[in-house]
Number of protein chains: 2
Amino acid sequence: MATITSHFANVKSTVHFPCISNQRRSHLPPLKPTTVRMSMTQQTRNSQPYGASVQADIEAHIKQFLTIKEPLAVFEPMHHLVFNAPKTTVPALCLAACELVGGQRHRAISAASALLLMEAATYTHEHLPLTDRPKPVVKNHVFGPNVELLTVDGIVPFGFELLARSDDGENSERILRVMVEISRAVGSGGVVDAQYRKTMDTRSDGEEVCHVEEIMRMVEKYEGELHSCAAVCGGVLGGGSEDEIERLRKIGFCFGMIQGMAKRGFNEGNEVNEARNLALQELKFFKDKELDAIKILLNI
Amino acid sequence: MATITSHFANVKSTVHFPCISNQRRSHLPPLKPTTVRMSMTQQTRNSQPYGASVQADIEAHIKQFLTIKEPLAVFEPMHHLVFNAPKTTVPALCLAACELVGGQRHRAISAASALLLMEAATYTHEHLPLTDRPKPVVKNHVFGPNVELLTVDGIVPFGFELLARSDDGENSERILRVMVEISRAVGSGGVVDAQYRKTMDTRSDGEEVCHVEEIMRMVEKYEGELHSCAAVCGGVLGGGSEDEIERLRKIGFCFGMIQGMAKRGFNEGNEVNEARNLALQELKFFKDKELDAIKILLNI
């Protein structure tokens with residue numbers, strides 16, 4: 001089996017963009033001024049888990065724009081599926097990375113929200129009862145498959161819209177860069193690739209065939225790429241340098257690997273330790289900066 | 001029944017952005033230089049239908065970036081589903097609108113491509129055999145439902161990626177504006193809304209219940225919004241003025257209504273004539289510009 005180290009050697013830095021200029025430019029109309037008070041203060045950080053704090057901020061941000069309105073047949077399922085999908089550390093990592101490079105949390109809140117929306121969409125599709133899916137569906141469906149399918153078709157563009165509208169006239173190039181990162185991570189080069197692999201490894205009776213190498217490849221493409229993307233997006237929107245962003249890519253990937261392995265029963269072992277050590281090593285680069293938040297979040 | 005005129009009175013101008021500045025800014029790395037020679041010359045316009053000419057340009061543009069590569073399990077179905085979905089006039093209208101406001105076709109080629117990709121995704125999902133879909137599926141499926149579902153999950157972000165990467169450092173704000181337009185048109189406020197309406201009007205035996213007003217509302221949200229969006233995107237990327245862009249929004253909407261009504265058997269009648277007349281009236285504004293292309297395309 002390829003070691004986790006070799007996986008890291010393959011971490012790609014595929015999207016290189018120069019730092020954007022600080023020239024004042026004409027403004028796109030921003031989203032309505034946010035009424036969410038960001039909860040990231042030292043006080044709240046001490047009084048509630050960091051992950052819960054950022055998750056609450058992200059959900060509050062989405063709720064401003066995803067209200068239950070007419071047509072209810074469209075927006076009720078959308079609201080339900082977005083806020084009832086399992087939580088992951090991906091959106092939180094985006095905000096933590098933004099803060100790690102010295103950015104204010106609100107700079108990355110739309111990207112973190114878009115990531116949460118994409119994950120809710122992915123989760124819903126993964127549990128959609130299709131005529132050729134072998135596994136019994138264990139999730140309780142509040143809505144029928146047809147409505148769930150349509151709802152996801154609304155959630156994904158809504159995520160991109162939220163991100164596109166977060167431009168304040170000074171960060172449009174950063175937002176476009178983040179869009180490329182998110183598109184790749186959730187698309188055919190990331191999550192969709194992992195899902196294909198899972199499909200191919202599933203027997204007709206629904207049992208998954210477990211080849212460790214293939215599982216690791218799936219974890220790379222799924223949790224690895226998603227966390228890597230989240231960290232990069234936070235770094236870009238927080239104004240990090242290219243060096244910082246590439247370190248964040250590696251840290252995110254390591255953390256995603258740890259998460260993905262744990263999800264599949266690999267809680268300990270050389271690979272997990274190697275990933276943790278590599279993440280810690282890259283984090284040392286940020287020694288002069290605020291590290292608490294991301295360490296708490298990553299639990300390392 | 002509400003007349004088509006009243007539908008037009010409701011055409012929204014929801015996204016207003018100021019013209020972007022012409023200041024030179026730092027560049028995002030553009031997509032690889034295109035090798036597609038745009039076929040829009042007087043010669044080709046005379047020798048082949050305008051619609052076919054722009055369609056060929058759009059498909060050639062997509063093919064540059066959507067190659068059949070590893071993993072084949074991902075990219076073969078993606079290629080197949082994108083290029084075998086029924087053609088519509090939506091992507092072509094985007095390029096025609098760009099040229100109508102004096103823009104060069106290549107400025108809007110990525111937006112037109114993204115629109116084609118979104119339409120292919122929508123078509124595939126509409127024909128996905130779900131466990132609660134009553135209608136027998138008439139489309140021949142080359143791939144299983146699971147693969148088709150996953151493939152669309154790859155096609156949609158690929159469309160946004162293509163658009164995001166088309167930034168040449170001078171048009172990022174325009175691209176973001178276009179993203180908002182496309183997200184809305186294909187999402188919950190547009191195509192998805194129309195699809196919900198269709199679902200609600202479909203009886204358990206699969207028969208659609210036809211209320212003319214409801215059909216008109218579906219046409220507005222589906223073909224109306226999509227064509228309106230396409231025309232606006234072309235106008236924005238071609239550098240049109242706000243006035244030109246809003247006129248294009250109406251022209252696109254009228255044309256979409258004509259197309260959508262024809263698709264549902266309303267080939268003639270007051271509504272069709274009114275839509276045609278309104279489109280022609282708005283087109284008069286562009287009297288000093290090149291009108292042939294868009295008139296040929298719109299067949300009016």
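Just above, that's the structure.
All of these numbers come straight from a predicted model, not from anything done at the bench.

What counts as what
- Residues numbered from 1 in each chain as written.
- Chains lettered and ligands numbered in written order.
- Predicted model: local features only at pLDDT ≥ 70, side-chain atom pairs only at ≥ 80, totals over all residues.
- Heavy atoms only, no water.
- Axes fitted to C-alpha atoms, helices over the stretch in contact; angles between N-to-C directions.
- Helix = DSSP H or I, 4+ residues; strand = E, 2+ residues; numbered from the N terminus.
- Parallel < 35°, antiparallel > 145°, perpendicular 65-115°, else oblique.
- Left-handed = near helix turned anticlockwise from the far one by under 90°.
- Contact = heavy atoms within 4.5 Å.
- Nonpolar A, V, L, I, M, F, W, Y, C, P; charged D, E, K, R; others polar.
- Disulfide = S-S within 2.5 Å.
- Buried < 20%, exposed > 50% of the residue type's maximum accessible area, 1.4 Å probe, protein only.
- Expected span 1.5 Å × (residues − 1).
- Core = buried A, V, L, I, M, F, W, Y, C linked by side-chain atoms within 4.5 Å.

Asker: Teacher, can you tell me more about the packing of helix 6 (residues 109-126) of chain B against helix 8 (residues 172-186) of chain B here?
Answerer: Geometrically, a packed helix pair is captured by the angle between its two axes and the distance between the axes. Residue and element names in this part refer to chain B. Look at helix 6 against helix 8: their axes get within 11 Å of each other, and the N-to-C directions meet at 20 degrees. With respect to each other, helix 6 and helix 8 are oriented roughly parallel. Of the two possible hands of crossing, helix 6 and helix 8 adopt the one that is right-handed. Taking contact as the criterion, the partners of Ala-111, Ala-114, Leu-115 and Met-118 in helix 6 are, on helix 8, Val-178, Ile-182 and Val-186. Each residue belonging to the contact of helix 6 with helix 8 can be placed in one class, and the counts come to seven nonpolar, no polar and no charged.

Asker: Quick question: what am I supposed to make of the packing of helix 5 (residues 90-100) of chain A against helix 6 (residues 109-126) of chain A here?
Answerer: Residue and element names in this part refer to chain A. Packing of helix 5 against helix 6 brings their axes to within 8 Å, and their N-to-C directions diverge by 165 degrees. In this view, helix 5 runs roughly antiparallel relative to helix 6, as classed from their interaxial angle. The element helix 5 and its partner helix 6 pack so that their crossing is right-handed. Contacts between helix 5 and helix 6 involve Val-90, Pro-91, Cys-94 and Leu-95 on the former and, on the latter, Ile-109, Ala-111, Ala-112, Leu-115, Leu-116 and Glu-119.

Asker: Even after reading the chapter, I still don't get the state of the cysteines, so can you show me in this structure?
Answerer: Put plainly, a disulfide is one covalent bond tying together the sulfur atoms of two cysteines. Residues and elements named next belong to chain A. Evaluated as defined, the whole model comprises zero disulfides over all chains. Summary of cysteine pairing: Cys-233 is not part of a disulfide, and the nearest cysteine sulfur, belonging to Cys-229, is at 3.8 Å. Taking the relative accessible area as the measure of exposure, Cys-233 reaches 0% and is therefore buried.

Asker: Explain helix 8 (residues 172-186) of chain A here, please?
Answerer: Since there are 3.6 residues in each turn of an α-helix, residues three or four apart along the chain are aligned in direction. Its 15 residues give helix 8 of chain A an end-to-end C-alpha distance of 21 Å, which sits within 8% of 21 Å, the value for a rise of 1.5 Å per residue. Across the 15 residues of helix 8 of chain A, 13 count as buried, placing the element largely inside the fold.

Asker: Sorry, what's going on with the nonpolar core here?
Answerer: Looking at soluble globular proteins, one finds that nonpolar side chains tend to be buried together. Counting 145 residues, the largest nonpolar core has A:Ile62, A:Met179, A:Ile182, B:Ile62, B:Met179 and B:Ile182 as its most contacted members. Ignoring anything within four residues of it in the chain, the contact list for B:Ile62 reads B:Val82, B:Phe83, B:Ser113, B:Leu116, B:Leu117 and B:Phe158.

So yeah, pure geometry; function would need other evidence.
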